[in-house]
Amino acid sequence: MLARYTSIFAVSLSLATVSLGAEPEACPDTQKPPQSAHEKSDSLSALDHLRAAIEQLKAAGLIEETVKLRELSDQLNRRIMEERAELARQVEALQEQSEQLRRLTGRPDKILCRCCFLELSGKAAAEFAAAAEPVSFTTDPQSRSNSTVSVFKNAEAAIQLLKQSGRVAVVHASPDIVTAPGQPATAMSGGEFPILIPAGDNQTSVEWKRFGVFCKVVPCLLDNGKIQLQFSPEISHLDFKNAVKVNGLTVPGLTVRRVNTQAELNLGETLVVRTVSNTGSQVETANAESDTAPAENTISLFMVTPLAID
């Protein structure tokens, strides 16, 4: 009679195990009050009940039933582990398919904006416009050397040739900026200087002004696969020729060249903004072979090339 009830108890436990499934992970919560013995019994998993039943059968000397119940427990445990492994394989396969789909659609997670701010002579700028392969202009292509905003396919290669031949006067900065599509990012190289501002009652406050090279980019992915790029570079120098004196202190002026534009281009193409100045560069030319003449207009090129990062 005892063996019969034991078999019924084992069968009921096996049915409970099938209905309850895998063991839940422990989720400790320090805010909950202590559980009663009945609540603790209800919170046990199916495998916990099986283990408890095995110990009870073993203590009662029912060896055969204990062995059968332990085999059932092992089978359930193996099935749970196999299902977990299969689920992990399915998740990994879905992640791989998602990555393949992202590559096929050409929508990168990160975009590298490779920037370069440089100065060269008008003659060198004309050579650059002739060597670079144009994509679009804001003015007539016949006068593209005077374009304000242009897009080129091989602008970086054309500039590299000019550098090697000593035709580039000054390279102010070449920052690389990484950001996610649609997210703004900035790069800054320079410093700050104080400006004294009278505040009344013989009080003076200090305001800090930045100078140097600053750049902000916002690349946005379009449905046609192109990039709508917002490009805001700035170059500023301390100008002591236009300085003023405040309370006996010399406060320099600022010479600023600032651009704020946007264009639509493909990944790998280069947005080039061209500005003209007749004051010449304020940075000493390091290349003796440069053809920049003091009386000649100085051309500043602000360049940015968006690239995808896998």
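Before any of the text, the structure's been laid out above.
Residues numbered from 1 in each chain as written. Predicted model: local features only at pLDDT ≥ 70, side-chain atom pairs only at ≥ 80, totals over all residues. Heavy atoms only, no water.

1. Looking at the packing of aromatic side chains
- For the structure on display, the rule yields four aromatic pairs.
- With a centroid separation of 5.7 Å and an interplanar angle of 50 degrees, the aromatic rings of Phe117 and Phe302 are classed as tilted. With Phe117 in strand β1 (residues 110–121) and Phe302 in strand β12 (residues 298–309), this pair connects stretches of sequence that are 185 residues apart.
- Residue classification places Phe117 among the buried positions, given a relative accessible area of 0%.
- Judged by its relative accessible area of 1%, Phe302 falls in the buried class.
- Three or more aromatic residues joined by ring pairs form one cluster here, namely Phe117, Phe231 and Phe302.
- Sitting over the ring of Phe214, Arg210 keeps its end group 3.8 Å from the ring centre. (Phe/Tyr/Trp six-rings, centres within 6.5 Å; stacked < 30°, edge-to-face > 60°. Helix = DSSP H or I, 4+ residues; strand = E, 2+ residues; numbered from the N terminus. Buried < 20%, exposed > 50% of the residue type's maximum accessible area, 1.4 Å probe, protein only. Lys NZ or Arg CZ within 6 Å of the ring centre and 35° of its normal.)

2. Points about helix α5 (residues 122–131)
- Along α5, the residues that are buried comprise Ala124, Ala125, Phe128 and Ala129. Along the axis of α5, the buried positions cluster into a sector of 140 degrees, meaning they face one direction only. Summarising the geometry of α5, the exposed residues directed more than 90 degrees from the buried face are Lys123 and Ala130.
- On its buried side, α5 packs onto β1, β3 (149–152), α6 (155–164), β11 (270–277) and β12. (Arc of directions from axis to C-beta. Contact = heavy atoms within 4.5 Å.)

3. Here we look at the packing of α5 against α6
- Look at α5 against α6: their axes get within 9 Å of each other, and the N-to-C directions meet at 140 degrees. In terms of orientation, α5 and α6 fall into the oblique class. The chirality of how α5 crosses α6 is right-handed. Residues Ala124, Glu127, Phe128 and Ala131 of α5 form the contact with α6, whose own contacting residues are Ala155, Ala158, Ile159 and Leu162.
- A class-by-class count of the residues in the contact of α5 with α6 yields seven nonpolar, no polar and one charged. (Axes fitted to C-alpha atoms, helices over the stretch in contact; angles between N-to-C directions. Parallel < 35°, antiparallel > 145°, perpendicular 65-115°, else oblique. Left-handed = near helix turned anticlockwise from the far one by under 90°. Nonpolar A, V, L, I, M, F, W, Y, C, P; charged D, E, K, R; others polar.)

4. Brief notes about the side chain of Ser232
- By secondary structure assignment, the location of Ser232 is in strand β8 (residues 227–246).
- Other than its neighbours up to four places away in sequence, Ser232 contacts Phe214, Cys215, Lys216, Val259 and Asn260.

5. Let's talk about the nonpolar core
- Counting 25 residues, the largest nonpolar core has Phe117, Ile177, Val217, Leu229, Phe231, Leu271 and Val304 as the members making the most contacts within it.
- The next biggest cluster of nonpolar side chains, apart from the first, holds 17 residues, and it includes Leu118, Leu162, Leu301 and Met303. (Core = buried A, V, L, I, M, F, W, Y, C linked by side-chain atoms within 4.5 Å.)

6. Observations concerning α6
- Among the residues making up α6, those that are buried are Ala155, Ala158, Ile159 and Leu162. Down the axis of α6, the smallest arc covering the buried residues is 95 degrees, so these residues share one side. Exposed side chains of α6 directed beyond 90 degrees from the buried face belong to Leu161 and Gln164.
- Close packing links the buried residues of α6 with β1, α5, β3, β4 (168–173), β11 and β12.
- The positive-phi residue at the C-terminal boundary of α6 is Gly166, with phi of around 75 degrees.

7. Examining the pairing of strand β5 (residues 176–179)
- Along β5, the buried face is formed by Ile177 and Thr179; none of Asp176 and Val178, which line the opposite face, is buried.
- When β1 meets β5, the two strands line up antiparallel, connected through four bridges. Among the inter-strand pairings, Cys113 is bridged to a residue of β5, identified as Ile177. (Pairing = 2+ DSSP bridges.)

8. Here's the deal with the environment of Ile235
- In this fold, Ile235 is placed in strand β8.
- What makes Ile235 buried here is its relative accessible area of 2%.
- On a C-alpha basis, the gap between Ile235 and Cys215 in space is 8.7 Å, while along the polypeptide they are 20 residues apart.

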